Amino acid sequence: MDNEYSPVELAKGVYWVGVVDWNLRDFHGYVTPKGTTYNAYLIVDEKIALVDTVKSHFAGELIKQIQKIIDPTRIDYVISNHVEMDHSGSLPVLMRLIPNAKIIATKRGRDGLCQHYSSIGCKDWNFEVVETGSELNLGARTLMFIEATMLHWPDSMHTYIKEDKILLSNDAFGQHIASSHRFNDEVDDVMDDAAEYYANILMPFGSQVLKYVDTVKQLGIGIDMIAPCHGVIWRKDPAQIIAAYGRWANAETVPKVLIIYDTMWKSTERMAKAMIDGISATGVEVKLLNLRKNDWSAIIKEVLTAPVIAVGSPTLNNGMYPSVAGFLTYLKGLRPKGKKAVAFGSFGWGGGAVKAVEKELETAGFEIIEPGLQVKFRPDEDDLRSCREMGGRLADMAEGK
Ligand code: FEO
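Residues numbered from 1 in each chain as written. Predicted model: local features only at pLDDT ≥ 70, side-chain atom pairs only at ≥ 80, totals over all residues. Heavy atoms only, no water.

J.: Is there a simple way to explain the domain arrangement of the protein chain in this structure?
T.: A common way to report how large an interface is uses the accessible area buried once the components associate. Under the domain assignment, the protein chain is made up of domain 1 (8-249) and domain 2 (257-398). A combined buried area of about 1,200 Å² lies between domain 1 and domain 2, and 59% of that area is made up of carbon and sulfur atoms. When the buried area of domain 1 at its contact with domain 2 is split by residue, Asn200, Met203 and Pro204 rank highest and sum to 47% of it. In this structure, the connection of domain 1 to domain 2 is made through one salt bridge. A salt bridge links lysine 301 to aspartate 192; the nearest nitrogen and oxygen atoms lie 3.0 Å apart. When residues of the side of domain 1 that touches domain 2 are traced back to their parent elements, those giving at least two are strand S5 (30-31) and helix H5 (190-202). Element by element, the count of residues in the side of domain 1 that touches domain 2 is highest for H5, at six residues. In the side of domain 1 that touches domain 2, the residues fall into 10 nonpolar, two polar and two charged. (Domains from an automatic or database assignment. Buried area = accessible area lost by both parts, 1.4 Å probe. Salt bridge = Lys/Arg side-chain N within 4 Å of Asp/Glu carboxyl O. Helix = DSSP H or I, 4+ residues; strand = E, 2+ residues; numbered from the N terminus. Nonpolar A, V, L, I, M, F, W, Y, C, P; charged D, E, K, R; others polar.)

J.: What is the right way to look at helix H8 (residues 267-280) in this model?
T.: In an α-helix there are 3.6 residues to a turn, and that puts residues three or four apart on one side. With 14 residues, H8 extends 20 Å from end C-alpha to end C-alpha; this agrees with the ideal 20 Å at 1.5 Å per step. Considered for burial, the residues of H8 that qualify are Ser267, Thr268, Glu269, Met271, Ala272, Ala274, Met275, Gly278 and Ile279. Summarising the contacts, the buried residues of H8 are in contact with strand S17 (256-261), strand S18 (285-290), strand S19 (308-312), strand S20 (340-347), strand S22 (373-376) and helix H12 (381-398). (Expected span 1.5 Å × (residues − 1). Buried < 20%, exposed > 50% of the residue type's maximum accessible area, 1.4 Å probe, protein only. Contact = heavy atoms within 4.5 Å.)

J.: How should I be thinking about the environment of alanine 105 in this particular structure?
T.: Examined against the element boundaries, alanine 105 turns out to sit in strand S10 (residues 102-105). By relative accessible area, which is 0% here, alanine 105 ends up buried. Each C-alpha atom, one on alanine 105 and one on arginine 74, is 20 Å from the other, the two residues being 31 residues apart in sequence. When neighbours within four sequence positions are excluded, alanine 105 is seen to be in contact with Ser80, Arg110, Glu128, Val129, Val130 and Met157.

J.: What should I look at first to understand the side chain of threonine 32 in this one?
T.: With respect to the helices, strands and loops of the structure, threonine 32 is situated in the loop between S5 and strand S6 (36-38). A relative accessible area of 1% means that threonine 32 is categorised as buried. With residues near it in sequence (within four places) discarded, threonine 32 still touches Leu24, Arg25, Asp26, Phe27 and His176.

J.: So what exactly am I meant to see when it comes to the nonpolar core here?
T.: One recurring pattern in soluble globular proteins is that nonpolar side chains are buried together. Counting residues in each nonpolar core, the largest one holds 119 residues, and the members touching the most others are Leu10, Ile79 and Ile309. Element by element, the count of residues in this core is highest for H5, at eight residues. Of the residues that make up this core, three or more belong to each of domain 1 (8-249) and domain 2 (257-398). Sequence-distant contacts of isoleucine 309, that is, excluding residues within four places in its chain, are made with Leu258, Ile260, Leu331, Lys340, Ala341, Val342, Leu361 and Phe366. Grouped together as the second largest cluster of nonpolar side chains are 23 residues, Ile259, Tyr261, Val342 and Val375 included. (Core = buried A, V, L, I, M, F, W, Y, C linked by side-chain atoms within 4.5 Å.)

J.: Where do I start with unusual backbone geometry in this structure?
T.: Trans peptide bonds make up the majority, and among non-glycine residues the majority have a negative phi. For aspartate 52, which is not glycine, the phi dihedral falls at a positive 70°. Counting through the fold element by element, aspartate 52 comes out in the loop between strand S8 (48-51) and helix H1 (59-67). Even without a glycine there, the phi angle at aspartate 237 is positive, about 50°.

J.: Got a minute to help me understand the state of the cysteines in this structure?
T.: Working definition: the covalent bond between the sulfur atoms of two cysteines is a disulfide. One pass over the structure, following the stated rule, counts one disulfide. At a sulfur-sulfur separation of 2.2 Å, the disulfide partner of cysteine 114 is cysteine 122. Here the disulfide of cysteine 114 and cysteine 122 is left-handed, its torsion about the S-S bond being about -50°. On the basis of relative accessible area, cysteine 114 is assigned to the partly exposed category, the value being 27%. You can see cysteine 229 has no disulfide; the closest cysteine sulfur is in cysteine 122, sitting 19 Å from it. Using a relative accessible area of 2% as the deciding quantity, one classes cysteine 229 as buried. (Disulfide = S-S within 2.5 Å.)

J.: Sorry, what's going on with the packing of helix H10 (residues 322-334) against helix H11 (residues 353-363) here?
T.: Relative orientation and spacing of two packed helices are given, respectively, by the angle between their axes and the distance between those axes. At a minimum axis distance of 9 Å, the contact between H10 and H11 shows a crossing angle of 10°. The orientation of H10 with respect to H11, classified from their angle, is roughly parallel. For the element pair H10 and H11, the recorded crossing hand is left-handed. Two secondary-structure elements touch here, H10 through Val324, Leu328, Thr329, Leu331 and Lys332 and H11 through Val357, Glu360, Leu361 and Thr363. In terms of residue class, the contact of H10 with H11 is made up of five nonpolar, two polar and two charged. (Axes fitted to C-alpha atoms, helices over the stretch in contact; angles between N-to-C directions. Parallel < 35°, antiparallel > 145°, perpendicular 65-115°, else oblique. Left-handed = near helix turned anticlockwise from the far one by under 90°.)

J.: I keep staring at the sheet that holds S10 and nothing clicks. Help me out?
T.: Paired through their backbone hydrogen bonds, the strands of a sheet run either parallel or antiparallel. If you trace the seven strands from one edge of the open sheet to the other, you get S1-S2-S7-S8-S9-S10-S11, paired in mixed fashion. Two strands bound the open sheet, and with one partner strand each, they are strand S1 (8-11) and strand S11 (126-129). Taken over all neighbouring pairs, the strand axes of this sheet differ in orientation by 25° on average, direction set aside. Of the strand pairs in this sheet, strand S2 (residues 14-16) and strand S7 (residues 41-44) are connected by three bridges, and their pairing is antiparallel. Counted as the bridge partner of valine 14 is isoleucine 43 from S7. Taken strand by strand, helix H4 (residues 107-116) contacts S10 and S11, and its axis lies near 150° from that of S11. (Pairing = 2+ DSSP bridges.)

Quick look at the structure:
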């Protein structure tokens, strides 16, 4: 059966030859309700280069895509921008077709590929190691390579097509969207999807993102199009996504408060709603995010631009609710910067959840702005007033007061 999509020409001789993964719903813990794409690019010149491959079980579809343009055995170079298997998984199948093609990668990229595929034939592959500023002439076109360390792994790099001013940016600037469209001006909400992707994939690496943006500035390259390996291609105003990465990496926020919680018998939820009351009275935006009603990935997107969060948990067996503990573990790994937090919750006899939440938030790098609020069994009117007042203080902090 033929693919349900075809190659798309980005510029003369430069083609999208990726695949669409409509059914992906979990990308190593990141919930992806819209699916994703694995974008590979084919550059047809005097020499032919394929930039990145796709997940291993899509290898046949990738080869069919290439066959619509050229005989895949004519490929001279495979540029491996990133070792992670959503981009390198089809390499073993492809290299059996083109055993003499040269694989271009960073040093870490070469080492990583050999560690992943040592039993399949990496020892027979012909590598050329490149670094930032290295160039490869294909004929009318020149490719320049830019190391993009930690965007997303230590090996990551980008490929820049000098004559067409197209940046093939691998994971950076991507979004998890499966679509029949290929360009950002053809889909809705792309910046929102890009924010969610950044928050869940790149938030821990803000300093490396800023370093990368500086490197690109120093190289002085013009960028007319940014073609990532996931989602749609930034054809319209590609500078907008570089600017957004700068804001996110600098931990810029907007005035809003998130109340992230779970509840057992609605006591913690009552507290949360009283806090909303106090925040809303100030006019500051507030979002109530129940951990069992919202995808954690979507909550993390909100955390990206929130200066203040409140995390609520009932006590279960002297500790946090499992959903709260799981979310805080996920949050801790993403290392959000420059944010403030409070804990709140209810208990029946021994307590323990609020202290445990505070400890986790501190470990995650949040500044705990005041002692957590906890109530026994059910919040009474005095407790609810305290929650409303705490909400007001959180709103002030969100506004920088
Ligand atoms: Fe899309 Fe880091 O892989």
